[in-house]
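What follows is the residue order along each chain.
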Amino acid sequence: MIGGLKRAVKKYANANNIPFAWQQRFYDRIMRGQDETNRIAGYIESNLGNWQQDELLADRC
């Protein structure tokens with residue numbers, strides 16, 4: 001199912017000239033409990049503020 005979704009999204013992006021690439025590697029984890037959920041949410045919120053300094057993002061813009 002996931003493979004089909006990824007193919008469809010990539011096909012749509014290509015057909016509409018949208019630059020797109022799936023992230024090569026990722027780490028998935030089931031959040032177990034409110035403390036872990038809060039820690040991850042905090043990471044996501046603080047990470048957004050660092051995007052302008054991200055070297056990989058700068059290479060794509």
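Scroll up to find the structure.
Sequence order sets the numbering: in each chain, residues are counted from 1 along the sequence as written. Thresholds applied to this predicted model are a pLDDT of at least 70 for local features of residues and 80 or more for the giving and counting of side-chain atom pairs; totals over whole chains, interfaces and linings are not thresholded and use all residues. Each side-chain value is worked out from all heavy atoms of the structure, with water and hydrogens disregarded.

### Details of the overall build of the protein
Helix and strand counts for the protein stand at three helices and zero strands. For the protein, the succession of helices and strands along the chain, N to C, is α-α-α. For the protein, the C-alpha atoms occupy an extent of roughly 40 × 35 × 15 Å along the three principal directions. Three exposure classes are used, based on accessible area relative to the maximum for each residue type with a 1.4 Å probe and protein chains only: buried under 20%, partly exposed in between, and exposed over 50%. Taken across its 61 residues, the protein has 3% of its residues classed as buried. In the form shown here, the protein has an accessible surface area of approximately 6,300 Å², with 56% of it arising from carbon and sulfur atoms. When charges are counted, Lys and Arg contribute as positive and Asp and Glu as negative, whereas His and the chain ends are disregarded. Where a charge sits is defined by one atom per residue type, namely NZ (Lys), CZ (Arg), CG (Asp) or CD (Glu). For the protein, the separation between the mean place of its 9 positive charges and that of its 7 negative charges on side chains is 13 Å. Each helix is a run of H or I in the DSSP string that is no shorter than four residues. Each strand is a run of E no shorter than two, and both are numbered from the N terminus. To measure how exposed things are, a 1.4 Å probe is used in the Shrake-Rupley method; for residues, cover is taken only from the protein chains shown.

### Description of the packing of aromatic side chains
The geometry of an aromatic ring pair comes down to the distance between the two centres and the angle between the two planes. Classification of ring pairs rests on two measures: the distance between centres of Phe, Tyr or Trp rings, Trp counted by its six-membered ring, which must be within 6.5 Å, and the angle between planes, read as stacked under 30 degrees, edge-to-face over 60 and tilted in between. Under the definition given, this model contains one aromatic pair. Relative to Trp22, the ring of Phe20 lies with its centre 5.0 Å away and its plane at 90 degrees, an arrangement referred to as edge-to-face.

### Side note on the side chain of Glu36
You can see Glu36 is positioned in helix α2 (residues 34-48). Taking relative accessible area as the criterion, Glu36 reaches 11% and is therefore assigned buried. Leaving out residues up to four positions away in the same chain, Glu36 has contacts with Arg29, Ile30 and Met31. Whether two residues touch is decided by their heavy atoms; if any such pair falls within 4.5 Å, the residues are in contact.

### Let's talk about the pattern of salt bridges
When a carboxyl oxygen of Asp or Glu lies within 4 Å of a side-chain nitrogen of Lys or Arg, that pair is called a salt bridge. Under the defined criterion, the tally for this structure stands at two salt bridges. When the shortest N-O distance is used, the salt bridge between Glu36 and Arg39 registers 3.8 Å. One end of the pair, Glu36, and the other, Arg39, are both in helix α2, three residues apart, so they sit about a helical turn from each other. Salt bridges sharing common partners tie together Arg29, Glu36 and Arg39.

### Here's the deal with the environment of Ala15
Its location among the elements puts Ala15 in helix α1 (residues 2-15). Between the C-alpha atoms of Ala15 and Ile40, which are 25 residues apart in sequence, the distance is 35 Å.

### Focus: unusual backbone geometry
Its identity as a non-glycine residue notwithstanding, Asn17 has a phi of 55 degrees, on the positive side. With respect to the helices and strands, Asn17 occurs in the loop between α1 and α2.

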